[in-house]
Amino acid sequence: MKQIGYLLLLVIVVFSCKKEKKEAKIVVPEKVEEEKAPPVLMEYGYVLNDFNVVKDTIRSGDSFGAIMDNHGITRAKVFEITNKIKDTFNVARIRAGKPYMLLKSKDTTEKAQVFVYQNNKIDYTVIDFRDSIIVSKKKKPVKLVEKTASGVINSSLMQTFDDLDLNFLVAYNMSDIYAWTIDFTRLQAGDRFKVMYTEKFIDDTIPAGIDQIKASYFEHRGKPIYAFRYQDDSINGGFDYFDEEANNLRRAFLRAPVKFSRISSRYNLRRRIKYYGNKIRPHRGTDFAAPIGTPILATADGIVTKSERRGGNGKYVKIRHNASYDTQYLHMSRQAVKAGQFVRQGDVIGYIGMTGNTSGPHVCYRFWKNGKEVDPFKQDLPASKPLADSLRPAFNNHIEPLKTTLDSILFEPKEIL
Ligand SMILES: [Zn+2]
């Protein structure tokens, strides 16, 4: 009786469907099945259709073992996997917030077979343990997109980027390029810029950072400064930024040993301190305040001559740059270099702290010239080498089309011509 009932119901459903379709004049019935076949989905080199797919994010407290355990893998097998792959991938290093994907068998056991961990936007690790255990590190294909941007500054560079909905990383890169020529904490309303850069995308749409700034133009107090990226060191593959006359925009010294810091006390030989009865206590350094743990950078290439803890200096590092110049960095929470070590400009040599005589977290930056502590902001610092004469013809050919493009970009908000 029941079976007949179902049959009847089925007939009614089919019949009523047919009726509706006739009314709607849609002629598709034979192809319905074919159209419903799902499209083949590929990801990380696997056909997802062949698996039960779990996509999730590592949560705090999650471990590789626990995730595997939840998906039918025995502890013995987990041990075998982690041991086999330990030289390539340490499963203890998986971090909360990182996406992962599990491919599980389509049979009733639903056992995990492949684990894909997204190390960052571009890099991922695949652990395939279907038969033998295979681990591989891979990269998603990155698409480079050429872009241009421009803007007129009202308050700060960051505010302008925010207003125009531009990628902040471009602003950071520009402030690096112009670090020696423009003081970005003292920009003026009306300062303006244009920039040509390449941005990285994965899966065509997900932004993955700035590849490089190819060329830019920055007008500060009415004075324009062009910057063109050019390889000047074919041996080490080094790039620098040069103006249109092939002068290097970099100086031999960075302006400050800390990024995005503020000067809390300048070099001042006549500084009076109330605490000491308003007596003159010369300050032979420049204090840059920043949160504890902020990296401190070598302001120029050189050899570390001191990395120790002593009295009021606290933990400090001193670097010899050449016969004339030394720099010294005081009050670190810890040093990151040892005496005798060679460091490059911009290398992290320690971290902001409060060791020695200090009332707050900062680095006291001491600039030595011929054995005397002087004010680095009053020095005419040596420039980095300009482009070699032999490279200039090729440089000129390289920058010509870039300059033409830069010059044709209008300022945002659009200029009225
Ligand atoms: Zn100081």
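Computed from a prediction, not measured in an experiment: that's the story for all the values here.

### Let's talk about the pairing of strand β18 (residues 302-310)
As paired strands, β18 and strand β21 (residues 342-343) are joined by two bridges and run antiparallel to one another. When the sheet's bridge partners are listed, Ile 303 is paired in β21 with Phe 342. Across seven bridges, β18 lies against strand β19 (residues 314-320) in antiparallel orientation. From the neighbouring strand, Ser 307 faces β19, where its bridge partner is Val 317. In textbook terms, the turn of a hairpin is the stretch between consecutive antiparallel strands, and for β18 and β19 this stretch comprises three residues, one of which, Gly 311, has a positive phi near 40°.

### Focus on the pattern of salt bridges
Using the criterion set out here, one finds 20 salt bridges in the structure. Of the charged contacts, one joins Asp 204 and Lys 143 as a salt bridge, the two residues approaching to 3.3 Å between their closest N and O atoms. In this pair, Asp 204 sits in the loop between β9 (192-202) and β10 (206-220) while Lys 143 sits in strand β8 (residues 142-152), placing the two residues 61 residues apart along the sequence. Residue classification places Lys 143 among the partly exposed positions, given a relative accessible area of 39%. Residue Asp 240 pairs with Arg 250 through a salt bridge whose shortest N-O separation is 2.9 Å. Taken together, the residues Asp 240 in strand β12 (residues 238-242) and Arg 250 in the loop between β12 and β13 (262-265) connect sequence positions 10 residues apart. Asp 240 gets classed as buried once you look at its relative accessible area, which sits at 10%.

### Considering the sheet that holds strand β5 (residues 112-118)
The strand order across the open sheet formed by five strands is β3-β4-β5-β6-β7, and the pairing between neighbours is antiparallel. Two strands close off the open sheet at either side, each with one partner strand: β3 (52-57) and β7 (134-139). Averaged over all neighbouring strand pairs, the angle between strand axes comes to 15°, with direction disregarded. Judged from the six bridges that link them, β3 and strand β4 (residues 99-104) form a sheet pairing that is antiparallel.

### Regarding unusual backbone geometry
Positive phi, close to 70°, is recorded for Asp 204, a residue that is not glycine. Within the chain, Asn 370 stands out as a residue other than glycine whose phi angle is a positive 50°. When you line up the elements, Asn 370 lands in the loop between β23 (362-369) and β24 (372-374).

### Regarding the layout of surface pockets
Put simply, the second largest pocket is a space of about 610 Å³. Of all elements in the fold, only β13, β16 (286-289), β20 (325-335) and β23 reach the threshold of two or more residues within the lining of the second largest pocket. Looking at the lining of the second largest pocket residue by residue, the classes come out as seven nonpolar, 11 polar and five charged.

### Quick notes on the nonpolar core
Grouped together as the largest cluster of nonpolar side chains are 22 residues, with contacts concentrated most on Phe 193 and Phe 218. Among the secondary structure elements, those contributing two or more residues to this core are α5 (157-163), α6 (168-177), β9, β10 and β11 (223-233). Among the elements that make up this core, the one with the highest residue count is α6 (four residues). Phe 288, Val 317, Ile 349 and Ile 352 belong to the second largest nonpolar core, which has 21 residues in total.

### Structural notes on the sheet that holds β11
Spatially, five strands are ordered β8-β9-β10-β11-β12 in an open sheet, and the strand pairing comes out antiparallel. The sheet terminates laterally at β8 and β12, the two strands that pair on one side only. Taking each pair of neighbouring strands and ignoring which way they run, the sheet shows an average axis angle of 25°. Across six bridges, β10 lies against β11 in antiparallel orientation. Across the sheet, the residue bridging to Tyr 217 is Tyr 226, located in β11. On the sheet, α6 packs against β9, β10, β11 and β12 and is oriented at approximately 45° with respect to β10.

### Here we look at the environment of Ala 256
With respect to the element layout, Ala 256 can be found in the loop between β12 and β13. Judged by relative accessible area, Ala 256 falls into the partly exposed class, the value being 21%. For the pair Ala 256 and Trp 180, spaced 76 residues apart in sequence, the C-alpha to C-alpha distance is 9.6 Å. When neighbours within four sequence positions are excluded, Ala 256 is seen to be in contact with Phe 288 and Thr 299.

### Overview of a nonpolar patch on the surface
There is a patch of nonpolar side chains on the surface, built from Phe 168, Leu 169, Tyr 172 and Phe 260 and spanning about 400 Å² of accessible area. Position of Phe 168 among the secondary structure elements: in helix α6.

Definitions and limits used
Counting of residues starts from 1 at the beginning of each chain's written sequence and follows it residue by residue. Per-residue local features of the predicted model are confined to residues with pLDDT of at least 70, and side-chain atom pairs are confined, for both listing and counting, to 80 or more; whole-chain, interface and lining totals are unaffected and use all residues. To get the side-chain values, all heavy atoms of the structure are used, and hydrogens and water are removed first. Two strands form a pair only when DSSP identifies at least two bridges running between them. Going along the chain from the N terminus, every DSSP run of H or I of four or more residues is numbered as a helix, and every run of E of two or more is numbered as a strand. Criterion for a salt bridge: a side-chain nitrogen of Lys or Arg within 4 Å of a carboxyl oxygen of Asp or Glu. Remark: exposure states derive from per-residue accessible area (1.4 Å probe, protein chains only) relative to the maximum for the residue type, with buried under 20%, exposed over 50%, and partly exposed in between. In this analysis an axis means a line fitted to C-alpha atoms, helices contributing only their contacting stretch, and an angle means the value between N-to-C directions, from 0 to 180 degrees. Residues are said to line a cavity or pocket when one of their atoms sits within 4 Å of a point; the points come from a 1 Å grid over protein atoms alone, cavities being sets where a 1.4 Å probe fits but cannot get out and pockets being open sets with protein on both sides within 12 Å along at least five of seven lines. Grid points are joined across faces, edges and corners, and a volume is the space filled by probe spheres set on the points. Note on residue categories: nonpolar means Ala, Val, Leu, Ile, Met, Phe, Trp, Tyr, Cys or Pro, charged means Asp, Glu, Lys or Arg, and polar means any other residue, Gly included. Among buried residues, those of type Ala, Val, Leu, Ile, Met, Phe, Trp, Tyr and Cys that are joined through side-chain atoms within 4.5 Å constitute a nonpolar core. Here, residues are in contact when the closest pair of their heavy atoms is within 4.5 Å. For patch detection, residues must exceed 30% relative accessible area and be free of salt bridges, and they are connected within 9 Å for like charges or within 5 Å for nonpolar side chains (Val, Leu, Ile, Met, Phe, Trp, Tyr). In these tables, accessible area is a Shrake-Rupley quantity obtained with a 1.4 Å probe, and a residue counts as shielded only by the protein chains included in the view.

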